[in-house]
Every structure is written in C-alpha cells, then in structure tokens.
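# A look at the structure
Each chain, letter by letter, is given below.
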Amino acid sequence: MLLLLGLAQAATLTVGPSGTYATIAAAEAAAADGDVIEIDAGTWAEPLRPAGKDLTYRSTAGAVISVPGVDCLTVYAGEEVSIEGLTFDGCDHAVASAYSTIYATDCTFSDNSCQYGCAFDVDATDIVIENSTFARNDAAISGGSIYAQGGADVTVRNCTFEDGEAPDGGDITTTSGGDLLVEDSTFSGSSGTSAGGSLWVRYNDSVRLDNVSMSATGNLYYGGVAYIHASGAVEIVDSTLSGGTSLGSGGGLYVDSCTSLTLSGASITDSTAASDGGGAYVVGTPIVATDSRFSGNTANYGGGLLSHSYDITLTDTDFSDNTARYEGGAFYGLGSHVAEWDMVGGRVSDNYAASNGGGLYVNDFEPQSFTGVHFTGNASGSYGGGAFLH
C-alpha cells in the first residue's frame, strides 16, 4: 500500500457582502494557521485579532480598518502575520505587537494618534514594510509612525512618510533594537520638539539608509532631521538629509558614540544649528566619507560638519556654501592629539566663517593630510580664509 501524506493548503476566507463571512471576527474564528482573510472594500469598525494563528489579512479592493481609540491589529502570541493592501486610519496604534513577526505590503497608515508608534508599536517583533504610505501619524512621546524596541529588526522599503509628528522621531524611533534598514524611501514634512525630526535611534545594532530622501520641519534640540546615539555601524548611502533645524547641535544629522559613520554618495544640505554642526554633528564616532556633499548649512562652529576626537577620512567629498558664525565654515574639528585627518580629492568652496577657518578649522589632529584638495572662494573674518590648521 502506498500512503501519500500531504500538507493542507491554505484557505482563503472572504469577508463582506459578496463573501462567506459577514464579519472579520467570524472569519478569524473559522481560520486555521496559514489561512488568508480577504476583506471587501469599505470601512470596517472591527479590530483584527489573529489570536495565536499565523494569518494573512488582504484586501484587493481598498478595505479601511478604522476603530478610534483602539489598537486595530494586535499580534502578541508569537504569530507571523501579513497585511496586504489595507488602510489603517484613525486608530490608536494601527499595529501593536510583541514577540512576533509582521509583514506589511501595499498598505496605508494615516491619521493614527497615540503615545508611541501610531502605525507600528512593536517590542521584540521583527517587521518588514514594503510599498506602503504613512501620513499624519501623531505620537505624543516618540515615533510618529514606528516605535520599535526590544531587539526588533526593522526593514522599510519603497515607502513614503509624510507629516509625521512626535517630540522624538517624527517618523521612526528605534531603541535597544536590532538592525534598522531603510531603502528607496522618502520622508517629508515630519516635525518634533526634542531630537530627530524624522528619525531617532539609540542602542541599535546597526543603521543603514540607502537611497533615502529625508527632510523635517520644527525646531529640535538635537538632530533636526536624524538623531543616532550609542549604536553600531551607521551607513548613509546615496541619500539626502536636508532642511533640518536644531536649537542645539546637528541641524541635519546628530551622531554620538557609534561604532562608525560611513557616508557614500550622501548629501547633507540646507540645515541649521544654533550651536554646532549645521549639517552634521559627529562625536565619539570615526567618519569615512566618499563622494559626499555638505552644502548650504549654518552653525556657530562647523557650518557643514563638526567632529571631535575620532579619525576622519574624506575622499572626493565637497563642502560648499556653508557658514559658521564663529569658526570652521565648512568643517570644525578637534582631534585632541589622538585622531587622524586624511582628505583626498574633493572641493572646499565658497564657505565663510566670521572668525577663523572660512573653509576648514582643523585642530589637534595628528597627522593632518591633504592630497589633491581644491580650495576656492572661501573667506573668514580673521585667520585662514581657506583653512586654519593647528
């Protein structure tokens, strides 16, 4: 006798006037692990509750899940849940999760309001979000759209974030997290009042922005666009950070005590700090920049970039039209006799400092090396129109 054993195929349970089930809850109750719940168009005032099952929630017709003041999807019991083509609007958290895995594709998360992470509030939950839109999510404390903690890996691909708001991390906050990867995505109009107008990161294993355009509004104390602290390797590749404003340091980017900062094809532009590092403020972190640009930034010290006490390697990197109210129009650096400066190629042009170092202010780096660097059109109110080296 030949015994054939097969795995049961996933079933699709349809919900709505043309479906088998009248309510989402009824379909959930009937579903088994691996099943798909397909939801008709319309606005559904029902939360999604997989209750320990691995499910896919799908809409090909534009279903809207809207339950004001409620977490619209909760995933807590180690489930693996996918959401496809759904809109979550006007929820407390669109998705709240712990110790699970979530995939989101072709979704919209809009006008959700909460304390932390109004689209995704996750703890020890890996999330992968693709081809989705986030708009007008407003967190009272942190992470306008996404708040991830507890070692969560966060992957965001081909997404749009608009007009997010939170004191820290107008769009995304990750803390005590795993790896944060953001690719092929656009962030605009986000605002905050504390740190990280769009992005706030602390204690992450790694951070990578690849082909990302990120801008922010509002007056923040640190990191007008992005704030990254005490994390592993930070990589910003073929990406632009622009338009940030800081009442303290790091008008565009604030990086502190990370393993490394790598800029490749990055642009940090049109940002302002009331204190230091108009484009970027980087301390306790070695910098390697290649084919990158700092332009149109303003600060007291280091209009384009300020760095302190760690090695800096710049290759084919340009500084232009940056302004320092005091010293270091393009760059201000203190090496504290322990750090090396190496600049190969690139241009330092049309920068201004009211005091010393219209282009560069480089102090206490040992050694200091310049090879094939072009200085043009820089000016200072005191010493070193092109560069002040000490």
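Look up a bit, the structure's there.
Residues numbered from 1 in each chain as written. Predicted model: local features only at pLDDT ≥ 70, side-chain atom pairs only at ≥ 80, totals over all residues. Heavy atoms only, no water.

## Structural notes on the overall build of the protein
What counts is decided by this rule: Secondary structure counts use DSSP, requiring at least four H or I residues in a row for a helix and at least two E residues in a row for a strand, with both numbered from the N terminus. The contact rule is simple, with two residues in contact once any of their heavy atoms fall within 4.5 Å. The charged-residue count follows a simple rule in which Lys and Arg add positive charge and Asp and Glu add negative charge, with His and chain termini not counted at all. By convention, the point assigned to a charge is CZ for Arg, NZ for Lys, CD for Glu and CG for Asp.
Scanning the protein from N- to C-terminus turns up one helix and 49 strands. Structurally, the protein occupies a C-alpha span of about 85 × 50 × 30 Å along its principal axes. Put simply, of all contacts in the protein between residues at least 6 apart along the chain, 73% involve residues at least 24 apart. Across the protein, the centroid of the 10 positively charged side chains sits 3 Å from that of the 47 negatively charged ones.

## A short note on the nonpolar core
Heads up, the rule is: By convention a nonpolar core is built from buried Ala, Val, Leu, Ile, Met, Phe, Trp, Tyr and Cys residues, the set being connected through side-chain atoms within 4.5 Å. Burial classes follow relative accessibility: with a 1.4 Å probe on protein chains only, a residue under 20% of its type's maximum area counts as buried, one over 50% as exposed, and anything between as partly exposed.
In this structure, Tyr57, Ile83, Phe88, Phe109, Phe120 and Leu253 are the most contacted members of the largest nonpolar core, which totals 84 residues. The greatest single-element share of this core, amounting to five residues, is contributed by strand β23 (residues 206-217). Those residues in contact with Phe88 that lie beyond four places of it in its chain are Leu48, Ile65, Cys72, Leu73, Ile83, Ala94, Thr108, Phe109, Ser110 and Asn112. With nine residues, the next largest nonpolar core counts Trp200, Tyr254, Leu306 and Tyr361 among its residues.

## Describing the packing of aromatic side chains
The condition is simple: Ring pairs are drawn from Phe, Tyr and Trp, using the six-membered ring of Trp, whenever the two centres fall within 6.5 Å, and their geometry is named by plane angle: stacked under 30 degrees, edge-to-face over 60, tilted for the rest.
Considering all chains together, one arrives at 19 aromatic pairs under this definition. Seen in terms of ring centroids, Trp200 and Tyr227 are 5.7 Å apart; in terms of plane orientation they differ by 15°. Their pairing is stacked. Taken together, the residues span a long stretch of sequence, with Trp200 in strand β22 (residues 199-202) and Tyr227 in strand β25 (residues 226-229) at a distance of 27 residues. Classification of Tyr227 as buried rests on a relative accessible area of 7%. Ring centres of Phe294 and Phe319 lie 5.0 Å apart, and the angle between their planes is 5°; this geometry places the pair in the stacked category. Of this pair, Phe294 sits in strand β35 (residues 293-295) while Phe319 sits in strand β39 (residues 318-320), and the two are 25 residues apart along the sequence. Judged by relative accessible area, Phe294 falls into the buried class, the value being 1%.

## What about the side chain of Ser380?
To keep it simple, the criterion reads: By the criterion applied in these results, polar contacts are pairs of N or O atoms within 3.5 Å in which, for protein atoms, one can donate a hydrogen and the other can accept it, and in which residues neighboring in sequence qualify only through two side-chain atoms.
Relative to the assigned elements, Ser380 resides in strand β48 (residues 379-380). For Ser380, the side chain forms a polar contact with the main-chain oxygen of Tyr383, separated by 3.3 Å. With residues near it in sequence (within four places) discarded, Ser380 still touches Tyr352, Ala353, Ser355, Asn356, Gly357, Gly358 and Gly385.

## Description of the environment of Ala10
As for its position among the elements, Ala10 is in the segment before β1 (12-15). For Ala10, a relative accessible area of 51% puts it in the exposed group. In this structure, the C-alpha to C-alpha distance between Ala10 and Asp316, residues 306 residues apart in sequence, is 54 Å. Ala10 has contacts with Gly34 and Asp35, leaving out every residue within four places of it along the chain.

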